[in-house]
Amino acid sequence: ATGNIRRVAVLGGGITGLSAAFYLLKLAKQRGEVIEVTVLEGSNRLGGKINTLRRDGFVIERGPDSFLARKLPMIELARELGIEGELTGTNPKAKKTYIALDGKLHPMPEGLTLGIPSDPEKFMKTELVSEEGKLRALEDLNIPSGEDRGDEPVGEFLERRMGREMVERIFEPLLAGIHAGDLYRLGLQSTFPQFKQMVREHGSLIAGTREAQRAASEAIGKTEQASAAAMDASASLVPVHDSSELPSSVFMTFRNGLSTVIEALESSLITEGAKISFDEQVEALELVPGESKSSRNAYRLRMDGDTTFDADEVLITLPAYETAGLLAPHVDVSALTNVRYVSVANVVLAYDEAGFNQDLDGSGFLVPRGEHRHITASTWTSSKWLHTAPEGKRLIRCYVGRAGDEKGVELNDVILSAVVQRDLHDLTGLTATPEFVEITRLRHSMPQYPVGHLDAIAALRENLITQLPGVVVTGAAFGGVGLPDCVAQGKQAAETILAR
Ligand code: FAD
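Just so it is clear, the structure is predicted and the values come from calculations on it, not from any experiment.

Enquirer: Just to check I follow, could you spell out the overall build of the protein for this structure?
Expert: Secondary structure assignment for the protein yields 17 helices and 22 strands. Here the C-alpha coordinates of the protein stretch approximately 75 × 55 × 45 Å along the principal axes. Counting only residues that meet the buried cut, the protein has 55% of its 500 residues in that class. Here the contacts in the protein between residues at least 6 apart in sequence split such that 74% fall between residues at least 24 apart. A total accessible area of about 21,000 Å² is found for the protein, and carbon and sulfur atoms account for 49% of it.

Enquirer: For this particular structure, what's the right way to read the packing of helix α2 (residues 72-80) against helix α17 (residues 483-498)?
Expert: The angle between the axes and the distance between the axes are what describe a pair of packed helices. Their axes nearest at 7 Å, the elements α2 and α17 cross at an angle of 70°. Considering the angle they form, α2 stands roughly perpendicular to α17. Viewed along their axes, α2 and α17 form a crossing whose handedness is left-handed. Residues Pro73, Met74, Glu76 and Leu77 of α2 pack against Leu483, Pro484, Val487, Ala488 and Lys491 of α17.

Enquirer: Help me out: how do you make sense of the environment of Leu205 in this one?
Expert: Along the chain, Leu205 turns up in helix α9 (residues 205-220). Among the residues examined, Leu205 registers a relative accessible area of 0% and is labelled buried. For Leu205 and Pro117, which are 88 residues apart along the polypeptide, the C-alpha to C-alpha distance reads 8.7 Å.

Enquirer: Honestly, the site of the ligand in this entry has me stumped. Any pointers?
Expert: As a matter of local geometry, the ligand sits amid 33 residues, with Thr16, Glu41, Lys49, Ser66 and Val481 nearest to it. Take Asp65: an N or O atom from its main chain is 3.2 Å from an oxygen atom of the ligand. In the environment of the ligand, an oxygen atom lies 3.2 Å from a nitrogen or oxygen atom belonging to the backbone of Ala476. Computed on the free molecule, the ligand has an accessible area of 1,000 Å², of which 89% lies beneath the protein chains in the complex. Counting only elements with at least two residues in the shell around the ligand, the list comes to α1 (15-30), β21 (436-448) and α17. In terms of residues, the shell around the ligand owes the most to one element, β21, which gives three residues. Residues that form the shell around the ligand fall into these classes: 14 nonpolar, 14 polar and five charged.

Enquirer: Would you take a moment to explain the packing of aromatic side chains for this structure?
Expert: Two descriptors summarise a pair of aromatic rings, namely the distance from one centre to the other and the angle between the planes of the rings. Taken as a whole, this structure holds eight aromatic pairs when the rule is applied. Between the aromatic rings of Phe22 and Tyr23, the centroid separation amounts to 5.0 Å while the plane-to-plane angle is 80°, which identifies the pairing as edge-to-face. The pair formed by Phe22 and Tyr23 is uniform in burial state, with each residue classed as buried. Ring geometry for Phe365 and Trp380: centres 6.0 Å apart, planes at 65°, overall edge-to-face.

Enquirer: What should I look at first to understand the nonpolar core in this one?
Expert: Within the largest apolar cluster, 45 residues are counted, with the highest numbers of intra-cluster contacts made by Ile15, Leu24, Phe67, Phe254, Val261 and Leu269. Those elements giving two or more residues to this core turn out to be β1 (6-11), α1, β2 (35-40), α2, β11 (251-254), α11 (259-271) and α17. Sorting elements by how many residues they give to this core places α1 first, with 10 residues. Once you skip the residues sitting within four places of it in the chain, Phe254 turns out to touch Phe67, Met74, Ala78, Ile83, Glu86, Leu87, Thr88, Thr260, Val261 and His387.

Enquirer: Hey, could you run me through the confidence of the model for the protein in this one?
Expert: Scored by pLDDT, the protein has a mean of 92; 93% of the residues are at 70 or more. Contacts for the low-pLDDT stretch residues 222-244, under 50 throughout, to residues beyond four places or in other chains number 70 contacts. For this predicted complex, the interface confidence comes out at an ipTM of 1.00, alongside a pTM of 0.94.

Enquirer: What should I look at first to understand the sheet that holds β2 in this one?
Expert: Backbone-to-backbone hydrogen bonds pair the strands of a sheet. The strands run either parallel or antiparallel. Taking strand neighbours across the sheet as the criterion, the five strands line up as β12-β2-β1-β16-β22 in an open arrangement whose pairing is parallel. The outermost strands of the open sheet, each flanked by one partner alone, are β12 (275-277) and β22 (471-473). Taken pair by pair, the neighbouring strands of this sheet meet at an average axis angle of 15°, ignoring direction. The sheet contact formed by β2 and β12 spans three bridges and is parallel. The partner of Thr38 across the bridge, within β12, is Lys275.

Enquirer: How should I be thinking about the pairing of strand β3 (residues 52-55) in this particular structure?
Expert: Pairing analysis gives four bridges linking β3 to strand β4 (residues 58-61), with the strands arranged antiparallel. Bridge pairing in β4 links Thr52 to Glu61. Following β3, the chain reverses through two residues before pairing antiparallel with β4; Asp56 in that reversal takes a positive phi of roughly 50°.

Enquirer: Hey, could you run me through the environment of Arg296 in this one?
Expert: Tracing the sequence through the fold places Arg296 in the loop between β13 (282-288) and β14 (298-303). A sequence separation of 174 residues divides Arg296 from Gly470, and the C-alpha atoms of the two residues are 9.4 Å apart. With near-sequence residues (within four places) excluded, Arg296 lies in contact with Gly290, Glu313 and Arg500.

Enquirer: Whenever I open this one, α1 confuses me. Can you help?
Expert: At 3.6 residues per turn, the α-helix brings residues three or four places apart onto the same side. In this model α1 runs 22 Å from its N-terminal to its C-terminal C-alpha over 16 residues, within 8% of the 22 Å that 1.5 Å per residue would give. Of all 16 residues that make up α1, 13 are buried, and the element is covered over most of its length. Residue Gly32 follows α1 closely and has a positive phi angle near 70°.

Enquirer: Explain the pairing of β1 here, please?
Expert: Of all six residues in β1, six are buried; the element is thus mostly enclosed. On β1, burial covers both faces: Arg6, Val8 and Val10 on one face and Arg7, Ala9 and Leu11 on the other are all buried. Pairing analysis gives six bridges linking β1 to β2, with the strands arranged parallel. Across the sheet, the residue bridging to Val10 is Val39, located in β2. Taken together, β1, α1 and β2 form a β-α-β motif whose crossover is right-handed. Taken together, the four bridges between β1 and strand β16 (residues 313-316) define a ladder with parallel strand orientation. Its bridge partner being in β16, Val10 is matched across the sheet by Leu315.

Enquirer: Honestly, the pattern of salt bridges in this entry has me stumped. Any pointers?
Expert: Charged atoms that come close allow side chains of opposite charge to pair. Following the criterion strictly, the structure yields 37 salt bridges and no others. Notably, a salt bridge pairs Glu131 with Lys134, separated by 3.2 Å at the nearest N-O pair. Taken together, the positions of Glu131 and Lys134, both in helix α4 (residues 131-138) and three residues apart, correspond to about one turn of that helix. Take Glu131: its relative accessible area is 45%, and that puts it in the partly exposed class. Overall, the relative accessible area of 1% leaves Lys134 in the buried class. The salt bridge partner of Arg302 is Glu286, with a shortest N-O separation of 2.6 Å. Remark: Glu286 occurs in strand β13 and Arg302 occurs in strand β14; sequence separation between them is 16 residues. A residue is classified by how much of its surface remains accessible, and Arg302, at 29% relative accessible area, is partly exposed. The network of salt bridges with shared partners includes Arg6, Arg31, Glu33, Glu313 and Arg500.

About the thresholds
- Residues numbered from 1 in each chain as written.
- Predicted model: local features only at pLDDT ≥ 70, side-chain atom pairs only at ≥ 80, totals over all residues.
- Heavy atoms only, no water.
- Helix = DSSP H or I, 4+ residues; strand = E, 2+ residues; numbered from the N terminus.
- Buried < 20%, exposed > 50% of the residue type's maximum accessible area, 1.4 Å probe, protein only.
- Contact = heavy atoms within 4.5 Å.
- Areas by Shrake-Rupley, 256 points an atom, 1.4 Å probe, with all protein chains shown as cover.
- Axes fitted to C-alpha atoms, helices over the stretch in contact; angles between N-to-C directions.
- Parallel < 35°, antiparallel > 145°, perpendicular 65-115°, else oblique.
- Left-handed = near helix turned anticlockwise from the far one by under 90°.
- Near = heavy atom within 4 Å.
- Polar contact = N/O pair within 3.5 Å; in protein donor to acceptor, adjacent residues only side chain to side chain.
- Nonpolar A, V, L, I, M, F, W, Y, C, P; charged D, E, K, R; others polar.
- Phe/Tyr/Trp six-rings, centres within 6.5 Å; stacked < 30°, edge-to-face > 60°.
- Core = buried A, V, L, I, M, F, W, Y, C linked by side-chain atoms within 4.5 Å.
- pLDDT = per-residue confidence, 0-100.
- Pairing = 2+ DSSP bridges.
- Expected span 1.5 Å × (residues − 1).
- Right-handed = clockwise from strand over helix to strand, strands pointing away.
- Salt bridge = Lys/Arg side-chain N within 4 Å of Asp/Glu carboxyl O.

Below, the structure is given as structure tokens:
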């Protein structure tokens, strides 16, 4: 180390890495410590998956488009960066979501929370599920919780409680969409741990959901947030938002796009003296043993251009396959190589109002696997988020690609755009021609947490403490893919480093 100043390298300039760097500097300052923070980013831009395109008055998200508002860390970060005034919620008039069945869109049954029929009376009215399927779903109330099977695939668990039809028609499009995944391969404990907890504590998913809603409406007194209480779709149990001064909305974003938070983080990091290095694709991590027994080890990072960077501590926030490459010479990385990644394409279509023959009276639609469409989900962006399109224009976004069906992602632009427009036409009747189409392919972007993920990650971290002390791994591959989860994980990693 140069004198006593700790040099921390943060690998990756996505939301996790930038949040980690931000909290490293902030917490060090609070403790009166001086540290040197360098962000090494492999590409020529910051943000990772977050990538806003501002074009012709449109705010277009090429990656994530919003975050779950009840998870505090993102809102806290916005406050600390002074950009909370930029936060905005969804259009309250565009709540309806549709699901495709046999080539037609059906409104999502009422009284469902994360797919669970918490209001059976309303649920019984839906046409999306057959009569037998509905009765089978309600058996959840009577099926004993049974012995603890440890972690298991989400699909098997839900099928046992509510039957196959509910999994195929409701849960798969709704829940798997978050991960572009296959419910029969995703691990319950790392993706929807609250489901198991509900059954354990309240005897069934239905009773557990009702209880969560009751508790939330007592705590907050608002029905919308009450239904969001059960929407905690990831492993990390981050604190929830109950502030009344912010827009009341289940999801939030920034009115100028999610890149707002990346830009604010970048300027804060620069002001606070962090270094940010672009085009630094880290390819190897080497241990540089301390000179004496009592002195600490340091690490040498090798970049693809054959430059090196030395650091006392290394905070890695890369996709699992990249992290695995760096750690494989030192520790067992099966916890990382077992996380498969799915590719998706995001197709955004911008239209003029003239000739636009669809009223988009909701937030969008979901397409179950069995429909065999290219589109897996579509957001009616300009209806759901009023800030995203200028006066007189419309914006729609469609996702293509999911676990087991990723071929569509590699169709060329012309064909991809055409098949997406054909699906839109078949499902919604839309015939208008877009003014422009923006296609983004996010290859190997959606981590699939396997059964046993949390235990495997805990074991990896234990190994790192002894084999590579000062190397900390975190990010979307670990304890939650949602943006607030990533911020929380970045902050936690910063605390871990500073506590050494
Ligand atoms: P990343 O954003 O992947 O950042 C990693 C960074 O590391 C990148 O900048 C990359 O260039 C860099 N890098 C990679 N390898 C190296 C290397 N060897 N050396 C140096 N740098 C390297 N979440 C939500 O909450 N709401 C949503 O609406 C939502 N929608 C999504 C839609 C899509 C299409 C995808 C893919 C994800 C979505 N998510 C959403 C999830 C969320 O966007 C991600 O989990 C999150 O952005 C990941 O942040 P990260 O910093 O952990 O990783």
